[in-house]
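Coordinate analysis (summary)
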Amino acid sequence: SAGLASAWAADSLRIPLLTTVFGEIYASPQFHRRRLREVRRIVDASRVLLSCSHHCARSLQLLGLTVPVQVVHYGVNTEVFSPEVDPKLIRARHGLTPDDHVVLYVARMVREMGLHVLLAALDRLLAGDPGTKVVIVGSSGELRLEAEAHALRHSGRVIVVPDVPQHELPHYYAAA
C-alpha cells in the first residue's frame, strides 16, 4: 500500500520515485502474485529500484518481472562496530570461553532471513568441532521456538537471545 501511494504521489507531483526492494516477495509470493498489477504499477513508476542484496533484488523474478535493480550494500558504522569493542561482556554472560569458536546469527528469527538453513545444519556444524558454539540473536519470529528447542537439545552449545537491544549488537559481533 505504501508503494502504491508513493507511485501515485510521484506521478501527481511529477517527482522521481526511488523504490527499495527488501525481498518481501519471498515471505508471501502468493500475496504478491495476486497483486501483480499493483506491483507492476510501483515498478513502472519507479525511476530507480534499489536493494540491499542480490538475493532481495532477485525477488521480483518470482513474479516474472525482469527489471534492473541496483544493489547498494548497507554501510557499517565503524565507530560503533569496531575491533575495539570488548567481547568479554557477552562471552561471560553466555558462558563462552576465549577458546570457543562462535558462529553468530543476527536477524529476525524467520525463514525469510534464512534461520531455517542454519537450524537444519546445526547437528553437522556442531559435530565438526566441540569448541563451536552457535549464538542466535534477533527479533522473535516464527522460528524462535524451533531455535529454542535446538538450544535445549544442544545445551550450552546453542544460545538463543531474542529481542536484543540495538546497543548490545556490537558486543555480540565482537564476541564472534
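Residues numbered from 1 in each chain as written. Predicted model: local features only at pLDDT ≥ 70, side-chain atom pairs only at ≥ 80, totals over all residues. Heavy atoms only, no water.

1. Comments concerning a nonpolar patch on the surface
For clarity, the cut-off: Here a patch means residues that are over 30% exposed by relative accessible area and free of salt bridges, tied together within 9 Å if like-charged and within 5 Å if nonpolar (Val, Leu, Ile, Met, Phe, Trp, Tyr). For the accessible areas, the method is Shrake-Rupley and the probe is 1.4 Å, while residue cover comes only from the protein chains on display. Whenever a carboxyl oxygen of Asp or Glu lies within 4 Å of a side-chain nitrogen of Lys or Arg, that contact is scored as a salt bridge. Secondary structure elements follow DSSP: runs of H or I of four or more residues count as helices, runs of E of two or more count as strands, with numbering from the N terminus.
Among the surface-exposed residues, Val76, Val80, Phe81 and Tyr173 lie close enough to one another that they form a single nonpolar patch of about 360 Å² accessible area. Note on placement: Val80 falls in the loop between strand E3 (70–71) and helix H6 (88–93).

2. As for the sheet that holds strand E6 (residues 158–162)
Quick note on the threshold: Two strands form a pair only when DSSP identifies at least two bridges running between them. Fitted lines through C-alpha atoms give the axes, limited to the stretch in contact for helices. The angle between two N-to-C directions lies from 0 to 180 degrees. Should any heavy atoms of two residues lie within 4.5 Å, those residues are counted as being in contact.
With respect to topology, three strands assemble into an open sheet ordered E4-E5-E6, the strand pairing being parallel. Both edges of this open sheet fall to strand E4 (101–106) and E6, since each of them pairs with a single strand only. When the angles between neighbouring strand axes are averaged without regard to direction, this sheet yields 15°. As defined by bridge partners, strand E5 (residues 132–138) adjoins E6 across five bridges and the pair is classed as parallel. The residue of E6 that forms the bridge with Val135 is Ile159. Helix-sheet contacts for helix H8 (residues 144–153) involve E5 and E6, and the interaxial angle to E6 is about 145°.

3. Description of the side chain of Ser51
For clarity, the cut-off: What qualifies as a polar contact is a pair of N or O atoms within 3.5 Å, subject to a donor-acceptor requirement within protein and to the restriction that residues adjacent in sequence count only when both atoms come from side chains.
Following the sequence through the fold, Ser51 ends up in strand E2 (residues 48–51). There is a polar contact of 3.2 Å between the side chain of Ser51 and the backbone nitrogen of Ala57.

4. Quick notes on the sheet that holds E3
Strands sit in the order E1-E2-E3 across an open sheet of three strands; the sheet is parallel. In the strand order of this sheet, the two ends are held by strand E1 (18–21) and E3, each with one partner. Bridging between E2 and E3 involves two bridges; their strand directions are parallel. Among the inter-strand pairings, Leu50 is bridged to a residue of E3, identified as Gln70.

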